[in-house]
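# Coordinate analysis (summary)
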Amino acid sequence: MIQEYEPEATVYAPETEPDAEPEATRRVAGDAESSRASRGWWDRNADEYQSEHGTFLGDDRFVWGPEGLDEAEARLLGPADSLAGRDVLEIGAGAAQCSRWLAAQGARPVALDLSHRQLQHALRIGTGFPLVEADAGALPFADGSFDLACSAYGAVPFVSDPVKVFREVRRVLRPGGRWVFSVTHPIRWAFPDEPGPEGLSVAASYFDRTPYVEQDERGRAVYVEHHRTIGDRVRDVVAGGFRLVDLVEPEWPAWNNQEWGGWSPLRGNLIPGTAIFVCERSEMESPSGRRLVEGPGA
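Residues numbered from 1 in each chain as written. Predicted model: local features only at pLDDT ≥ 70, side-chain atom pairs only at ≥ 80, totals over all residues. Heavy atoms only, no water.

## Focus on the overall build of the protein chain
Applied cut-off: Only DSSP runs of H or I covering at least 4 residues are called helices, and only runs of E covering at least 2 are called strands; the numbering of each starts at the N terminus. Partly exposed describes any residue whose relative accessible area lies between the buried limit of under 20% and the exposed limit of over 50%, with all areas from a 1.4 Å probe on protein chains only and scaled to the type maximum. By the convention used here, residues are in contact when the closest approach between their heavy atoms is within 4.5 Å. We get accessible surface area from the Shrake-Rupley algorithm with a probe of 1.4 Å; when it comes to residues, only the shown protein chains can shield them.
In terms of regular secondary structure, the protein chain is built from seven helices and ten strands. Across the 298 residues of the protein chain, 52% fall into the buried class. For the protein chain, the proportion of contacts with a sequence separation of at least 24, taken over those separated by at least 6, is 72%. In the structure as shown, the protein chain presents an accessible area of about 13700 Å², 51% of it carried by carbon and sulfur atoms.

So this is what it looks like as structure tokens:
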């Protein structure tokens, strides 16, 4: 049974801030370290994030990334009038803006996030659907619980083993279920993360998969982001038990004049900033009759 998230009665206190400015580096970071770093970073930074980006995201919009591509326009999960009555899992939901939009279309969303503080913001805005605090690599749902799953920059960029996450998503989807997720466009990893002209010159190898890590003075990761090439992402999708239906690279629209970290009109008009993978649960079998993906839910 899905349990609705309930706020604790005690006053919330996020994980202690690092004593000094974190050091940025590139190094290996595994599952446990990445998960711990992500939970701590989002708990500490949720207030600032929602304050800075809340207006752009809205309370009940479904925005796929900094370009501003809206699901109402893109229809990557299907036409809005087809969502009524569908069970939808949002992974890395943050303050659940996307789930709120889905609910307005008549869908039955469940918003999942690793961060306690992000879910408190979801409660602050208001929900009429379940909120679940859990890791995307261990989804607390029965097999075949959902018709659709989605994630707008949630979870996938921050995990060391995306195939593990994809297999979990496949497990909880019903046959033919669609899984749509957005991430930073892999080509951006070759450029400095700057919105101005300095962010237009290649400064690193696109093929260097070493994670970006911010660590404290004791070498403990406080933020981790993992890089995969486009080819890696496609192979991960297939290995996770999905077929790729579409790969969307949103163009920067003329109306959007805001900067969001390294995203800006200058860069957005020249190089892609977001990649959206539209996938469907694969039911294919090998010539021997064995399913291509085995395990729970296969």
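Moving on from the model shown.
## Some words on the nonpolar core
For clarity, the threshold we go by: The set of buried Ala, Val, Leu, Ile, Met, Phe, Trp, Tyr and Cys residues whose side-chain atoms join them within 4.5 Å is what this entry labels a nonpolar core.
Core analysis: the biggest nonpolar cluster contains 27 residues, and L89, I91, F141, V169, W179 and F181 have the highest contact counts within it. Secondary-structure elements contributing two or more residues to this core are strand 2 (87–91), strand 3 (108–113), strand 5 (146–152), helix 5 (162–172), strand 6 (173–184) and strand 10 (274–281). Listed in part, the 18 residues of the second largest apolar core include W64, L83, W101 and C150.

## Comments concerning the sheet that holds strand 3
As a reminder of what qualifies: Here the rule is simple: two strands pair whenever DSSP picks up at least two bridges between them. The convention used is that axes are lines fitted to C-alpha atoms, helices contributing only their stretch in contact, and that angles between N-to-C directions extend from 0 to 180 degrees.
Ordered by their spatial adjacency, seven strands build an open sheet running 4-3-2-5-6-10-9, and the pairing between neighbours is mixed. Two strands lie at the open edges of the sheet, namely strand 4 (131–133) and strand 9 (242–248), each paired on one side alone. Neighbour-to-neighbour, the strand axes of the sheet open up by a mean angle of 20°, direction not taken into account. Together, strand 2, strand 5, strand 6, strand 9 and strand 10 form the strand contacts of helix 5, whose direction differs from that of strand 6 by roughly 145°.

## Quick notes on the environment of V63
Considering the arrangement of structural elements, one finds V63 in the loop between helix 1 (31–57) and helix 2 (71–74). In this structure the C-alpha to C-alpha distance between V63 and C98, which are 35 residues apart in sequence, comes to 7.1 Å.

## Focus on the packing of helix 1 against helix 4 (residues 116–125)
When two helices pack together, you describe them by how their axes are tilted relative to each other and by the distance separating the axes. The condition is simple: Each residue receives one of three labels: charged for Asp, Glu, Lys and Arg, nonpolar for Ala, Val, Leu, Ile, Met, Phe, Trp, Tyr, Cys and Pro, and polar for the others, Gly being one of them.
At a minimum axis separation of 7 Å, helix 1 and helix 4 run at an interaxial angle of 35°. Each of W42, D43, A46, D47, Y49 and Q50 in helix 1 lies in contact with helix 4, whose residues at this interface are H116, R117, Q118, H121 and R124. Split by residue class, the contact of helix 1 with helix 4 holds three nonpolar, four polar and four charged.

## Section: the sheet that holds strand 8 (residues 221–225)
Read across the sheet, three strands follow the order 1-7-8 without closing on themselves; strand pairing throughout is antiparallel. Two strands bound the open sheet, and with one partner strand each, they are strand 1 (23–26) and strand 8. Here the average twist between neighbouring strands, direction ignored, is 20°. Relative to strand 8, strand 7 (residues 212–215) runs antiparallel, the two sharing four bridges.

## Some details on helix 3 (residues 97–104)
An α-helical turn contains 3.6 residues, so any two residues separated by three or four positions project in the same direction. The buried fraction of helix 3 amounts to six of the eight residues, a majority that puts the element mostly inside the structure. Residues of helix 3 that are buried include every one of Q97, C98, S99, R100, W101 and L102, and no others. Of the surrounding secondary structure, the elements contacted by the buried residues of helix 3 are helix 1, helix 2, strand 2, strand 3, helix 4 and strand 5. Immediately downstream of helix 3, the backbone of G106 shows phi near 95°, a positive value.

## Section: the environment of F191
Looking at the element boundaries, F191 is found in the loop between strand 6 and strand 7. As for F191 and S201, which are separated by ten residues in sequence, their C-alpha atoms are 6.0 Å apart. When residues no more than four places from it in sequence are discounted, the contact partners of F191 are G199, L200, S201, V202, A203, R267 and I271.

## Description of unusual backbone geometry
The phi dihedral of R75 falls on the positive side, at around 55°, and the residue is not glycine. Take R75: it is sitting in the loop between helix 2 and strand 2. The backbone of A96 sits at a positive phi, close to 65°, despite the residue not being glycine. With respect to the helices and strands, the residue A96 is situated in the loop between strand 2 and helix 3. For A96, a relative accessible area of 0% gives the class buried.

## Concerning helix 1
Test applied: Here the expected length of a helix is defined as 1.5 Å per residue gap, with one fewer gap than residues. The angle between axes fitted to the seven residues ending at a residue and the seven residues starting there is what we call the bend at that residue.
Taking 1.5 Å of rise per residue, the 27 residues of helix 1 would be expected to cover 39 Å, yet its terminal C-alpha atoms sit only 29 Å apart, more than 12% below that figure. At N45, helix 1 shows its maximal kink, close to 55°. Positive phi appears at G58, one or two residues downstream of helix 1, with a value of about 75°.

## What to know about the environment of N45
So the rule is basically this: Here a polar contact is recorded for every N or O atom pair within 3.5 Å, except that within protein the pair must consist of a potential hydrogen donor and a potential acceptor, and residues adjacent in sequence are included only if both atoms are side-chain atoms.
Within the secondary structure, N45 is located in helix 1. When its relative accessible area of 17% is taken as the criterion, N45 is described as buried. As for N45 and R117, which are separated by 72 residues in sequence, their C-alpha atoms are 8.6 Å apart. For N45, the side chain forms a polar contact with the main-chain oxygen of W41, separated by 2.8 Å.

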